[in-house]
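What follows is each chain in one-letter form.
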Amino acid sequence: MLAQMSEQARQLSRLRTHHNFHPELSDSVQRLAIAMEPLTYVRPHRHPHTWEVLTALSGHFVVLLFNDNGEVTERVVLGKEATILEIPANTWHAVLSMEENAVIFE
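Here we summarise the structure given alongside this text.

Parameters and conventions
Residues numbered from 1 in each chain as written. Predicted model: local features only at pLDDT ≥ 70, side-chain atom pairs only at ≥ 80, totals over all residues. Heavy atoms only, no water. Helix = DSSP H or I, 4+ residues; strand = E, 2+ residues; numbered from the N terminus. Buried < 20%, exposed > 50% of the residue type's maximum accessible area, 1.4 Å probe, protein only. Lys, Arg positive; Asp, Glu negative; His and termini not counted. Salt bridge = Lys/Arg side-chain N within 4 Å of Asp/Glu carboxyl O. Polar contact = N/O pair within 3.5 Å; in protein donor to acceptor, adjacent residues only side chain to side chain. Contact = heavy atoms within 4.5 Å. Pairing = 2+ DSSP bridges. Axes fitted to C-alpha atoms, helices over the stretch in contact; angles between N-to-C directions. Arc of directions from axis to C-beta.

**Description of the side chain of Arg16**
Argument step 1. As for its position among the elements, Arg16 is in strand β1 (residues 16–20).
Argument step 2. Although Arg16 lies buried, it forms no salt bridge, and the closest oppositely charged side chain, Glu106, sits 9.0 Å away as judged by the N-O distance.
Argument step 3. A distance of 3.4 Å separates polar atoms of two side chains, one belonging to Arg16 and the other to Thr40.
Argument step 4. Apart from residues lying up to four places away in sequence, Arg16 is in contact with Ala9, Ile34, Ala35, Met36, Thr40, Tyr41 and Val42.

Pasting the structure below:
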């Protein structure tokens, strides 16, 4: 499935695709795999009321954490320096793919 997701991501202009494991978008906990090719990223965002956990299923990712002024406060290479990263609620963060065939689980 991961290889198929990566192949599909390479065909899309955004260079990424996802597979939801949660049945409904309204579920309080959303679980999804995201295939991300280089040159794509998840732009800085935050979840005001929920935490988020990330783990690399394949490949490596740079996860950046920011303060409210947009300054980087932490940089983690997921899949290398850390196998799992919990991001507290209301924390600005962004995710960048570092290599081809990279898939992250959120």
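**Quick look at the sheet that holds strand β7 (residues 84–87)**
Argument step 1. Taken in spatial order, the five strands of this open sheet run β1-β2-β9-β4-β7, and their pairing is antiparallel. Edge strands, defined here as strands with exactly one partner in the open sheet, are β1 and β7. Taken pair by pair, the neighbouring strands of this sheet meet at an average axis angle of 25 degrees, ignoring direction.
Argument step 2. In this fold helix α1 (residues 2–11) packs onto β1, β2 (32–36), β4 (52–58) and β9 (102–105), with an angle of close to 140 degrees to the strand it touches most, β1.

**Some details on the sheet that holds strand β8 (residues 92–97)**
Argument step 1. The four strands lie next to each other as β3-β8-β5-β6, forming an open sheet whose pairing is antiparallel. Because the sheet does not close on itself, it has two edges, and the strands there are β3 (41–45) and β6 (72–78). With strand direction ignored, the average angle separating the axes of adjacent strands in the sheet is 15 degrees.
Argument step 2. Pairing of β3 with β8, which is carried by three bridges, proceeds in the antiparallel orientation. What sits directly across from His45, in β8, is His93.

**Remarks on the pattern of salt bridges**
Argument step 1. For the coordinates displayed, the defined rule picks out three salt bridges.
Argument step 2. Its salt-bridge partner being Glu7, residue Arg10 comes within 2.9 Å of it at the nearest N-O pair. Here Glu7 and Arg10 lie together in helix α1, a separation of three residues that amounts to about one turn.
Argument step 3. With relative accessibility at 33%, the residue Arg10 sits in the partly exposed group.
Argument step 4. Across the salt bridge formed by Asp68 and Arg46, the nearest N and O atoms sit 3.3 Å from each other. Highlighted residues: Asp68 in the loop between β5 (61–66) and β6 and Arg46 in the loop between β3 and β4, separated in sequence by 22 residues.
Argument step 5. For Arg46, a relative accessible area of 31% puts it in the partly exposed group.

**Here's the deal with α1**
Argument step 1. Taken residue by residue, α1 has Met5, Ser6 and Ala9 as its buried positions. When α1 is viewed along its axis, its buried side chains cluster within an angular range of 100 degrees and face the same direction. The outward face of α1, more than 90 degrees from its buried face, is lined by the exposed residues Ala3, Gln4 and Gln11.
Argument step 2. Where α1 is buried, its residues contact β1, β2 and β9.

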